[in-house]
Amino acid sequence: MRLDHISYAASHDQLVDVVQRIGSRIGSAFTDGGIHPRFGTRNFTLPLKNGHYLEVVCPIEHPAADSSPFGRVVTQRANEGGGWLTWVVSTEDLSPIENRLGRQAIDGSRKRPDGSELKWKQLGVLGTLDDSQLPFFIQWMTQDHPSTDGKAVAEIVKIEIAGDERTIEEWLGSDLSKAFDGVEIQWVDPSTNDGQTGLVAVHLSTPNGVVRLEIGRAHV
């Protein structure tokens, strides 16, 4: 189990602006990831070093945006003004996590503009919806990974999380240090974050120095 990607939510109207501003800060370009038909969302992705990537995702006008757990959590965050959505961990086999949580993974897919298709299974989005400090889980079913969509020039060096380490480790069923593998975690008291749990900021080492991307749209 390892950190796979970090996800930032925006409204459909904000999407292009957020993608351009984050890309400018990092010094790298996003790739159009296409539409998630099962979730009623679409995304742009930016490759990062160490097999990670950054996703900017928005809801689209589609029934699944209101009915699917992922569509709902993206829509909710976008309606709040946008900001960090969650962090996601990948595993080669979701079965033990399905058994431990008593939940079934669902299939996900998206077609890139070039026609190639990515497929995966994901689990735990309802946990993220209930408590935004909790990540969800993903198992890739295709060989392509968004971290290879372009040249990675930046890497995640630190993540600030408002929440409780023990709560997250119980959810993961694993030591956090294993999932983050060298990425520093800075814990933030939710009381200093308007009472909200979840990602507060991500620090990226870039060719122009370390960039701190904060939670709110105005701080990107």
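See the structure above.
A quick note: this is a predicted structure, and the numbers were derived from the prediction, not measured. (Residues numbered from 1 in each chain as written. Predicted model: local features only at pLDDT ≥ 70, side-chain atom pairs only at ≥ 80, totals over all residues. Heavy atoms only, no water.)

### Details of the packing of aromatic side chains
So, point 1. Tallied over the full model, the rule gives 6 aromatic pairs.
So, point 2. Centre to centre, the rings of W87 and F180 are 4.8 Å apart; their planes meet at 45°, and the pair counts as tilted. Of this pair, W87 sits in strand β5 (residues 83-90) while F180 sits in helix α7 (residues 176-180), placing them 93 residues apart in sequence. Note on accessibility: W87 and F180 belong to one class, buried.
So, point 3. Both rings, one in F137 and one in W171, keep their centres 5.9 Å apart while their planes meet at 35°; by these two values the pair is tilted. Of the two residues, F137 sits in strand β8 (residues 136-140) while W171 sits in helix α6 (residues 165-172), which places them 34 residues apart along the sequence.
So, point 4. Residue classification places F137 among the buried positions, given a relative accessible area of 0%.
So, point 5. The class of W171 is buried, set by a relative accessible area of 10%.
So, point 6. Joined through ring pairs, the aromatic side chains of F39, F70 and F136 make up one cluster. (Phe/Tyr/Trp six-rings, centres within 6.5 Å; stacked < 30°, edge-to-face > 60°. Helix = DSSP H or I, 4+ residues; strand = E, 2+ residues; numbered from the N terminus. Buried < 20%, exposed > 50% of the residue type's maximum accessible area, 1.4 Å probe, protein only.)

### With respect to the sheet that holds strand β9 (residues 155-162)
So, point 1. Overall, mixed pairing links the 4 strands, which are arranged β10-β9-β11-β12 in an open sheet. Of all strands in the sheet, those with a lone pairing partner are β10 (184-188) and β12 (209-214), marking the two edges. Taking the axes of each pair of neighbouring strands and ignoring which way they run, one obtains an average angle of 20° across the sheet.
So, point 2. Note that β9 and β10 share 5 bridges and pair parallel. Bridge pairing in β10 places E160 opposite Q186.
So, point 3. Strands in contact with helix α1 (residues 15-26) are β11 (198-206) and β12; relative to β12, the strand with the most contacts, it is inclined by about 155°. (Pairing = 2+ DSSP bridges. Axes fitted to C-alpha atoms, helices over the stretch in contact; angles between N-to-C directions. Contact = heavy atoms within 4.5 Å.)

### A few points about the environment of L204
So, point 1. With respect to the helices and strands, L204 occurs in strand β11.
So, point 2. With residues up to four places along the chain from it excluded, the contact list for L204 reads I26, L48, L54, E155, I156, V157, G209, V210, V211 and L213.

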